[in-house]
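# Observations on chain architecture
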Amino acid sequence: MKKKELHIRVHEVTRVEGHGNILIDMHKGRVKEVWLQITEPPRFFEAMLVGRRYDEAQHIMSRICGICAVSHTCASLKAVESAMGIKISRQALLLRRLAFCAEVIQSHILHIFFLVLPDCLGVGSIVPLMDSHPGVARDGLELKKLANEICSIVAGRHIHPISLYPGGVAHTPKETELKRIREALKNSFARLDRTLELMIKLPVPELDKPREFISLKAKGEYAIYGGEPFSSKKYHLKTETYTKNIKEYIVYHSAAKHAKTKKGTFMVGALARINNNFKQLNPRAKNALKRARLKPPANNPFLNNMAQLIECFNMAEDAVRIIDRLLADGVKNEPLGRPTTFGRGIGIVEAPRGTLYHEYHINRDGVVDKAVCIIPTAQNLRSIEADLKHLVPMIIDKSKEEIRKTIEMLVRAYDPCISCSTHYMDVRFV
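Read on for an overview of the structure. Nothing here was measured: the structure is a model prediction, and the numbers come from that model. (Residues numbered from 1 in each chain as written. Predicted model: local features only at pLDDT ≥ 70, side-chain atom pairs only at ≥ 80, totals over all residues. Heavy atoms only, no water.)

### Notes on the environment of Leu-356
Within the element layout of this structure, Leu-356 appears in strand β12 (residues 354-362). Sequence separation of Leu-356 and Ile-403 is 47 residues, and the distance between their C-alpha atoms is 32 Å. Discounting residues that sit within four places of it in the chain, Leu-356 has contacts with Ser-71, His-72, Ala-75, Gly-347, Ile-348, Val-349, Ala-351, Ile-374, Ile-375 and Pro-376. (Helix = DSSP H or I, 4+ residues; strand = E, 2+ residues; numbered from the N terminus. Contact = heavy atoms within 4.5 Å.)

Here's what the structure looks like:
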């Protein structure tokens, strides 16, 4: 006989970035309340940007996150360059894409090895994993180290890049450095293969329900740095009208906004990208997708973990190809592109956790008058709560401890970046 009453309070969900609580109440057999309470204080990054010069924007906005700082930097740069008519060279674009590949790898590897695998392998964190599964832990640490090194070589340091700059890049890596990381990337596929074989064997909780997936999409490439917004529901969705279709709103149980589309709840992130863009994956990633038996459209959010690993194959192979192009062209120092106008500009990229939107209004003095950001985790919060509400009745016959563990695993599967989600707070909430 199923339980009629259930009250769960998870204070400070562990192994996620930032601070949040889960509250679930079931009364007389019906789920009454499901809250993911984001308890981080608001951080007014858009307000901080107002009154600052255009060439300070990327440095300020990268501080929204220490994990996806390259994503915020690139979205910021694209917004500035769009507003001010700044052109960048092919080499600068390739270097930014290379830094982006490295960030996606390091973020996904951090999530898979440090946050997810401890659940799956029955330990509390990466630390006991070093004793119980030393080979697994070593693979994770080495993959993350490599990705951090690539960011450092290309962007000046692996956290909060300093060489990515309006108009291009302010520092050019040496060809010897590029050749060295190319060789290390080629060697990394063995570690990714071992990780895939491990994850294929791990059980995945069932939670299959139809949903809308939003990501960037581009012709002829797996969209990460470039592309236009795309919905699996296939209605009109463009960069210029993103904020007309993606509406943020306040919920009073959380310090982060939620978001919805005209269709309602949607999901962004690795699983959304795989579902929308699997045909654009490169050969290694397509092979990993086939081995993982992940068949798009895949609607189970727990599969986001596997989708992230498949993206690691894709990003590593893309990084090798980018380095080959850079070396074939010959790496050289280049002048930065200069502003030619002013006005409104939008920068949109695929951060590791999903579609990231920056919009700036820059005046004729090169000063920011207004800034708007829409963060991936904020876009996913409504979906997380909807999935929790759907999941609880499915696992209600389990023990309270098992229920608690499973709902935490669901939240972790989305890989929320909670500090990012509190980048801004509407004055009506304060």
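After that view, the rundown keeps rolling.
### Here we look at the pairing of strand β2 (residues 20-27)
Of all the eight residues making up β2, seven are buried; the element is thus mostly covered by neighbouring parts of the structure. Examined bridge by bridge, strand β1 (residues 6-10) and β2 share five bridges and lie antiparallel to one another. Pairing of Val-10 across the sheet is with Ile-22, part of β2. As defined by bridge partners, β2 adjoins strand β3 (residues 30-38) across eight bridges and the pair is classed as antiparallel. Across the sheet, residue Asp-25 finds its bridge partner in β3, namely Glu-33. (Buried < 20%, exposed > 50% of the residue type's maximum accessible area, 1.4 Å probe, protein only. Pairing = 2+ DSSP bridges.)

### Here's the deal with the sheet that holds strand β7 (residues 228-231)
Strand order across the open sheet formed by three strands is β7-β6-β10, with mixed pairing between neighbours. Two strands bound the open sheet, and with one partner strand each, they are β7 and β10 (266-267). Of the pairings in the sheet, the one linking strand β6 (residues 212-217) to β7 comprises four bridges and is antiparallel in character. Across the sheet, residue Leu-216 finds its bridge partner in β7, namely Pro-229.

### Regarding unusual backbone geometry
In this structure, the amide linkage connecting Pro-296 to the following residue, Pro-297, adopts the cis form with an omega of 0 degrees. Backbone geometry places Asp-415, a non-glycine residue, at a positive phi of 55 degrees. Within the secondary structure, Asp-415 sits in the loop between α13 (400-413) and α14 (418-421).

### Quick look at the side chain of Asp-387
With respect to the secondary-structure elements, Asp-387 resides in helix α12 (residues 376-394). Discounting chain neighbours no more than four positions away, the residues touching Asp-387 are Leu-207, Lys-209, Arg-211, Pro-301, Leu-410 and Tyr-414.

### Brief notes about empty space enclosed by the protein
Tallying each qualifying case throughout the model produces two cavities of 30 Å³ or more. Considering only enclosed or pocket space, the largest cavity measures out at about 40 Å³ in volume. Taken together, Cys-68, His-72, Ala-351, Arg-353, Leu-356, Ile-375, Pro-376, Thr-377, Cys-417 and Cys-420 form the lining of the largest cavity. Of the residues contributing to the lining of the largest cavity, the split by class is seven nonpolar, two polar and one charged. What lines the second largest cavity is simply Ile-105, Leu-143, Leu-146, Leu-185, Ser-188, Leu-192 and Ala-316. Of all the elements in the fold, those that place two or more residues in the lining of the second largest cavity are α6 (134-155) and α7 (175-201). Broken down by element, the residue count for the lining of the second largest cavity peaks at three residues, all from α7. A breakdown of the residues in the lining of the second largest cavity according to their chemical character gives six nonpolar, one polar and no charged. (1 Å grid on protein atoms, 1.4 Å probe; cavity = no way out; pocket = protein on both sides within 12 Å on 5 of 7 lines; lining within 4 Å. Points joined across faces, edges and corners; volume = space filled by probe spheres on them. Nonpolar A, V, L, I, M, F, W, Y, C, P; charged D, E, K, R; others polar.)

### Observations regarding the pattern of salt bridges
All chains considered together, the criterion is met by 24 salt bridges. In this structure, Arg-52 and Glu-56 form a salt bridge, with 3.2 Å as the shortest nitrogen-oxygen distance. Residue classification places Arg-52 among the partly exposed positions, given a relative accessible area of 35%. A salt bridge links Arg-273 to Glu-350; its shortest N-O distance comes to 2.7 Å. Of this pair, Arg-273 sits in helix α9 (residues 270-277) while Glu-350 sits in strand β11 (residues 343-351), placing them 77 residues apart in sequence. Judged by its relative accessible area of 0%, Arg-273 is buried. The buried category is assigned to Glu-350, whose relative accessible area is 0%. Where salt bridges share partners, they join Arg-15, Asp-119, Arg-404, Glu-408 and Arg-412 into one cluster. (Salt bridge = Lys/Arg side-chain N within 4 Å of Asp/Glu carboxyl O.)

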